[in-house]
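A closer look at the structure
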Amino acid sequence: MKSRIYLDHAATTPVRDAARAALVEALGLTGNPSSVHGGGRAANALLEGARDTVARFAGVAPEHVVFTSGGTEAIALASNGARLAGPTRPRLLVGATEHSAVLQARDDVVLLPVDCDGQIDLAALRAALSEGPALVAVQAANNETGVIQPLAEVATLVREAGGLLLVDAVQAAGKMALPDADFVALSAHKLGGPPGIGALIVRDPESLIAIQRGGGQERGHRGGTPNLPGIAGFAAAVAQTHDWSAVATRRIALETRLKAAGAIIHGEAAPRLPNIGSIGLPGVAASTQVMMLDLEGYMVSAGAACSSGKVKASHVLAAMGLGAAAGEAIRVSLSPATTDAEIDAFAAAWLAMAARLGRKGAA
C-alpha cells in the first residue's frame, strides 16, 4: 500500500498528543460544570482552568472567552448577536473572499470587493461605512490562499465609523498575533485540538446577546451543557507553541520549484500565512489534480473543506478576478511536522502530473 502524505492541514490538523490526553482525562470526570456537588465543582474547575488557558492565548481576561461548538458557531454568534446602540442588529459588511461561515451567516450580508491578491478594498469599505456604523467581518488570513488582510487599517476605519469588527482567526490563530477586535472566532481543530469545539473572543460582553438560549451557560451568551472534553483538549492544544519559520521556508521552496514548471501561485504578492499555498495549473481542473495526486498518495484539496466533499470553482479566486483559473487551483497546506522529504516527494509527484498533462516545462 502506498504511504499517505497529508498536506491538507488547513482543512484540519491531527489531534496533538497533549490535547488527546487532556480530552481523555476529562472524559473520566463525572459531573456537570453547573452542578454544585463535588463532581460538578471538579468539572467546573476544569472548565474555568481551560478558559484561563484560552484567554492567555488570546490575550484577554477569562470572562471574554465564550466557548462554542467551533468557528462556524462563533461567527454565527457574533454575526447575529452583535449589537451597537439599541436592539437592532447592525448591517454586516464582509469581504468577497470570506469563508462560507461568514458569507452564509445572514441573508443580508453586504459584499465588499477585494484586489487581485484577495485583500479587501479599503476604499469600498470606507464608502460602505460612510452610510453608518456596521459590523465588519474580515478574515485574519484567507483559508484558501493564506493571504493576510490589512487588519490594522480595517480596524481604524471601523472604529472611526463607530462600528464593530469581527475577525475570523480560525486559520491564523497560532501562526500570527491575534488582532485587537471586538470579536475573534477560533476553532480548536485547526490548532491540533479536537473537532467540535471553538471560541468567540468578545471584547465587550455587553455588545453581544445570545442567539442560542438555554440554561444561561457561558455567562448567558451561549446556552447548552459545555463540551468539557473538547474544551480541555482545546486548551491543551493552544498551550503548545510551534516554530512556523521553517514551515514558511518549505512552502516557499515548494512554490519556487513548481513555478519553474508552469505553476501559478495565487496571492503571491501579498503577505501570507507560512503554511498555505494556492497553486494553479493552467488548463487543468482542480478536481482532476486532486484525484490524480490522491491516487499517488498525496492529500491536498481544491479549497475550503466545507462543501460536502464537492470540488467546484473557488469563490475566493473568482473574487480575485481569476475567471476560469478559479477552477484550476489546489490548496497545499503544511504543518510543523511536514518534512523536507515529504515536500520533495510531493513536488516530484506534481511535476510528473504536470508533465503527463502536457504542461510547458514540466518534463
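Attention here is on the structure that accompanies the text. Please read all numbers here as calculations on a predicted model, not as lab measurements.

**Examining the overall build of the protein chain**
The helix and strand tally for the protein chain stands at 11 helices and 12 strands. The C-alpha radius of gyration of the protein chain comes to 21 Å, within 12% of the 21 Å expected for a compact globule of 363 residues. When its C-alpha atoms are laid out on the principal axes, the protein chain stretches across 70 × 55 × 30 Å. Each of the 363 residues in the protein chain was classed as buried or not, and the buried ones make up 53%. Restricting the contact set of the protein chain to residue pairs at least 6 apart, pairs at least 24 apart contribute 69%.

**Some remarks on the packing of aromatic side chains**
Summed over all chains, the structure comprises 2 aromatic pairs. Between F67 and F234, the aromatic rings sit 6.3 Å apart at their centres with planes inclined by 70°, giving edge-to-face as the arrangement. Note that F67 is positioned in strand β2 (residues 65-68) and F234 in helix α7 (residues 228-238), a separation of 167 residues in sequence. Take F67 and F234: they sit in the same class, and that class is buried.

**A few points about the environment of D168**
Mapped onto the fold, D168 is located in strand β6 (residues 164-168). Residue classification places D168 among the buried positions, given a relative accessible area of 5%. Beyond its immediate sequence surroundings of up to four residues, D168 is in contact with I75, H99, V138, Q139, A140 and A185. In terms of polar contacts, D168 uses its side chain to reach the backbone amide nitrogen of V170, at 3.0 Å.

**Some points on unusual backbone geometry**
Positive phi outside glycine occurs at E218, with the angle close to 55°. Along the chain, E218 falls in the loop between β8 (198-202) and α7. With a phi angle near 55°, R219 is a residue other than glycine that sits in the positive phi range. Along the chain, the position of R219 falls in the loop between β8 and α7.

**Focus on the sheet that holds β2**
With respect to topology, 7 strands assemble into an open sheet ordered β2-β8-β7-β6-β5-β3-β4, the strand pairing being mixed. Two strands close off the open sheet at either side, each with one partner strand: β2 and β4 (110-112). Averaged over all pairs of adjacent strands, the angle between their axes in this sheet comes to 20°, without regard to strand direction. Both strand β7 (residues 183-187) and β8 contribute to a ladder of 5 bridges, which runs antiparallel. Considered in β8, the bridge of L186 is made with A199. Contacting β2, β7 and β8, helix α2 (residues 38-58) runs over the sheet at an angle of about 115° to β2.

**Focus on the packing of α2 against α7**
Closest axis-to-axis distance for the α2/α7 pair is 9 Å, and the angle between their directions is 35°. Between α2 and α7 lies a crossing of left-handed hand. Facing α2, whose interface residues are A43, L46, L47, A50, T53, V54 and F57, α7 presents L228, I231, A232, F234, A235 and V238.

**Comments concerning the pattern of salt bridges**
Pairing between side chains of opposite charge can happen when their charged atoms approach one another. Scanning the entire structure with this criterion turns up 16 salt bridges. Its salt-bridge partner being D17, residue R20 comes within 3.2 Å of it at the nearest N-O pair. On the criterion of helical spacing, the pair formed by R20 and D17 is a turn pair, its members being 3 residues apart in helix α1 (residues 17-27). Counted as one network, the salt bridges with shared partners bring together R159, D180, D182 and R203.

**A look at the sheet that holds strand β10 (residues 276-280)**
If you walk across this open sheet you meet the 3 strands as β9-β10-β12, and the pairing is antiparallel. Across the chains shown, the open sheet's two edge strands, defined by having one partner strand only, are β9 (264-265) and β12 (329-333).

**Regarding the side chain of S278**
Among the structural elements, S278 can be located in strand β10. In this structure S278 touches E144, T145, I264, I265, H266, L317, A329 and I330, once residues within four positions along its chain are discounted.

**Thoughts on the pairing of strand β5 (residues 134-139)**
For β5, the buried fraction is high: 6 of the 6 residues fall into the buried class. As defined by bridge partners, strand β3 (residues 91-95) adjoins β5 across 4 bridges and the pair is classed as parallel. Of the residues in β5, the one forming a bridge with L92 is L135. Assessed by its sense of winding, the connection that carries the chain from β5 through helix α6 (residues 151-160) to β6 is right-handed.

**Description of the nonpolar core**
In terms of nonpolar packing, the biggest core is built from 46 residues, with V136 and F234 touching the most fellow members. Per element, the largest residue contribution to this core is 6 residues, and it comes from α2. Among residues more than four places away in sequence, those in contact with F234 are V54, F67, L186, A188, L191, P194, I197, G198 and A199. Core analysis: the next-biggest nonpolar cluster, separate from the first, contains 30 residues, L254, A263, L281 and V284 among them.

The rules we used
Residues numbered from 1 in each chain as written. Predicted model: local features only at pLDDT ≥ 70, side-chain atom pairs only at ≥ 80, totals over all residues. Heavy atoms only, no water. Helix = DSSP H or I, 4+ residues; strand = E, 2+ residues; numbered from the N terminus. Rg over C-alpha atoms; globule rule 2.2 N^0.38 Å. Buried < 20%, exposed > 50% of the residue type's maximum accessible area, 1.4 Å probe, protein only. Contact = heavy atoms within 4.5 Å. Phe/Tyr/Trp six-rings, centres within 6.5 Å; stacked < 30°, edge-to-face > 60°. Polar contact = N/O pair within 3.5 Å; in protein donor to acceptor, adjacent residues only side chain to side chain. Pairing = 2+ DSSP bridges. Axes fitted to C-alpha atoms, helices over the stretch in contact; angles between N-to-C directions. Left-handed = near helix turned anticlockwise from the far one by under 90°. Salt bridge = Lys/Arg side-chain N within 4 Å of Asp/Glu carboxyl O. Right-handed = clockwise from strand over helix to strand, strands pointing away. Core = buried A, V, L, I, M, F, W, Y, C linked by side-chain atoms within 4.5 Å.

As far as function goes, none of this settles anything; it's purely spatial.
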